[in-house]
Amino acid sequence: MATLIRSKLSNKLSNAATAVSNKSQAKVSGMFAKMGFQAATDEEGLGFAACDDLDYDHRQGMQMDILTSDEMGGEGSGDGSALEGDSHYQRDGTGPPHSASKDGGPTNELSEVRPKITAWEAGWNVTNAIQGMFVLGLPYAILHGGYLGLFLIIFAAVVCCYTGKILIACLYEEDEDGQLVRVRDSYVDIANACCAPRFPSLGGHIVNVAQIIELVMTCILYVVVSGNLMYNSFPHMPISQKSWAIIATAALLPCAFLKNLKAVSKFSLLCTMAHFVINILVIAYCLSRARDWAWDKVKFYIDVKKFPISIGIIVFSYTSQIFLPSLEGNMQKPSEFHCMMNWTHIAACILKGLFALVAYLTWADETKEVITDNLPSTIRAVVNIFLVAKALLSYPLPFFAAVEVLEKSFFQDGGRAHFPDCYGGDGRLKSWGLSLRCILVVFTLLMAIYVPHFALLMGLTGSLTGAGLCFLLPSLFHLKLLWRKLLWHQVFFDVAIFVIGGICSISGFIHSMEGLIEAFKYNIEE
């Protein structure tokens, strides 16, 4: 009898120790996820770093499953009072609902793992995602589109706000009592649900491919803009734009050693505030030349060859859909999500429209791809150096997110992984895994060297992945998952957005590719 009692006590102590250990690991994972989310406060890079946030959710889901099973097996398997876990942290988003504690109150274990954010904090994140550095290319879009370009800035804001809302609606389904229940957690979950049961993982692969393309293209854009800004800041120096791009990439090689975004996150808020200051300086300079504004240059005409590229530029400046599911799931009051989307996109529309119009009126037909290159040489160098610093500090965000998605898809997908894990048993990055990261950095450099055209690359990315993730897929998923519950005008909006988005995407992609092929051939001949 005494032996039996000692055996039971030993088992309970062992299970309790395991549960405590798992809880601690889960909290540490939550802290790292929070750090990744905080790092995402850097302008448009937030949207890309939030892709890393989705991966952390996946890993946390695995940890929560372990924690749940251990607690149920070790402490509460008999009375069913153990913590069941939050569906937000389940791998597929279909886990059990929130459980209550023994005294009937809700448990707060998960809230310790991942603190919720307010609507204002969520709005700040969205604002940084759609008010980022690539706003500097909008005046160039007005150059080729006139008043129609301004209209598209407004139209894109309305459509992206709407598709963001319907994308979140796809996360929910009604239960037996008619209450909305969150059954999915990410863009990938929604895509997989639409392709089930015949192709249960096809949608997720499509979204991941689009996500990787957008992230890598964003890294390329940062290298291109760094070389462009430095070359135009010091035109008398015997250093070409390609050489400046190589110098910038050399400074970015340490990104290959990144394990998390903790170090980068320290500069995020500072960089974002500096960017807003730079935008204000540009507008202030433009206002000082208000008497010379060329209103007659803004017309109701479009450059048929270059305007489709402008569409991609405008769409790309609004991309944020990829991280909205994770953001909404972390809000204290998800019911405030729609209101938050409204005021963030209204503010973005007003600020982008004013910035693009005022800058174009100041320089008219001389407007360049990156508007700061139009500034007088006395202040151009200072402003551009700050922008280059911001671009280099922003590069790790999409780079790290792209690496995470690639590693998860090809190297860490359990038994379905195509290649062995990049990490050893001690958690250290293997040499060949480090080589792959360095190759990715070098690839961004080669693309920046052979296609050093900011507007073309931005237009291509916006037409290909921006239109797909912001226009086409949300409307298609909304129709597929909620067809029977939609009103006729909602169906009309979804179909119209899908058709218009498809036309804009195809035309922008074709014209951007033509320009890129010509630029590539020209650089090869040189």
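Here is what the cut-offs are and how they apply
- Residues numbered from 1 in each chain as written.
- Predicted model: local features only at pLDDT ≥ 70, side-chain atom pairs only at ≥ 80, totals over all residues.
- Heavy atoms only, no water.
- UniProt positions renumbered as here; feature names shortened; annotations may be inferred.
- Helix = DSSP H or I, 4+ residues; strand = E, 2+ residues; numbered from the N terminus.
- Buried < 20%, exposed > 50% of the residue type's maximum accessible area, 1.4 Å probe, protein only.
- Contact = heavy atoms within 4.5 Å.
- Areas by Shrake-Rupley, 256 points an atom, 1.4 Å probe, with all protein chains shown as cover.
- pLDDT = per-residue confidence, 0-100.
- Salt bridge = Lys/Arg side-chain N within 4 Å of Asp/Glu carboxyl O.
- Patch = residues over 30% accessible without salt bridge, like charges linked within 9 Å, V, L, I, M, F, W, Y side chains within 5 Å.
- Phe/Tyr/Trp six-rings, centres within 6.5 Å; stacked < 30°, edge-to-face > 60°.

- An unreviewed UniProt entry lists the protein under the name Vesicular inhibitory amino acid transporter, with Collichthys lucidus as the source organism.
- Under the UniProt heading Sequence similarities (unreviewed entry), the entry covering the protein gives this text: "Belongs to the amino acid/polyamine transporter 2 family."

Observations regarding the overall build of the protein
- Along the protein, the regular secondary structure elements total 17 helices and two strands.
- The buried share among the 526 residues of the protein stands at 52%.
- Restricting to contacts in the protein with at least 6 residues of sequence separation, those with at least 24 account for 79%.
- Of the roughly 24200 Å² of accessible surface on the protein, 66% is carried by carbon and sulfur atoms.

Describing the confidence of the model for the protein
- The pLDDT averaged across the protein works out to 76; a share of 72% of its residues lies at or above 70.
- Mean pLDDT values over the elements of the protein span from 42, in helix α2 (residues 45-76), up to 93, in helix α12 (residues 337-363).
- Predicted confidence for residues 20-112 stays below pLDDT 50, and this span has 191 contacts to residues more than four positions away or in other chains.

Thoughts on the pattern of salt bridges
- Counted under the stated rule, the structure contains four salt bridges.
- Residues E173 and R184 are paired through a salt bridge, measuring 2.4 Å at the closest nitrogen-oxygen approach. Within this pair, whereas E173 is found in strand β1 (residues 172-174), its partner R184 is found in the loop between β2 (180-182) and α6 (187-195), the two being separated by eleven residues in sequence.
- What makes R184 buried here is its relative accessible area of 9%.
- Where K297 meets D365, a salt bridge forms, and the shortest distance between an N and an O atom there is 3.4 Å. Taken together, the residues K297 in the loop between α9 (262-288) and α10 (307-316) and D365 in the loop between α12 and α13 (377-394) connect sequence positions 68 residues apart.
- Note on D365: relative accessible area 49%, which makes it partly exposed.
- One connected set of salt bridges, linked through shared partners, spans R182, D185 and E328.

Description of a nonpolar patch on the surface
- A surface patch of nonpolar side chains, amounting to about 490 Å² of accessible area, comprises V209, I213, L464, I506, F509 and I510.
- Mapped by element, the contributors of at least two residues to the nonpolar patch are α7 (202-233) and α17 (488-525).
- Looking at the nonpolar patch element by element, the count peaks at three residues for α17.
- Of note, I213 is situated in helix α7.

What to know about the packing of aromatic side chains
- Throughout the structure, instances matching the rule amount to nine aromatic pairs.
- Taking the centre distance of 5.1 Å and the plane angle of 40° together, the rings of W120 and W343 count as tilted. Note that W120 is positioned in helix α4 (residues 119-130) and W343 in helix α12, a separation of 223 residues in sequence.
- A centroid spacing of 6.4 Å and a plane angle of 35° characterise the contact between F234 and W244, whose relative ring orientation is tilted. With F234 in the loop between α7 and α8 (241-252) and W244 in helix α8, the pair connects residues that are ten residues apart, well separated along the chain.
- What makes F234 partly exposed here is its relative accessible area of 26%.
- Of the residues examined, W244 reaches a relative accessible area of 10% and is grouped as buried.
- In this structure an aromatic cluster arises from ring pairing among Y162, F492 and F493.

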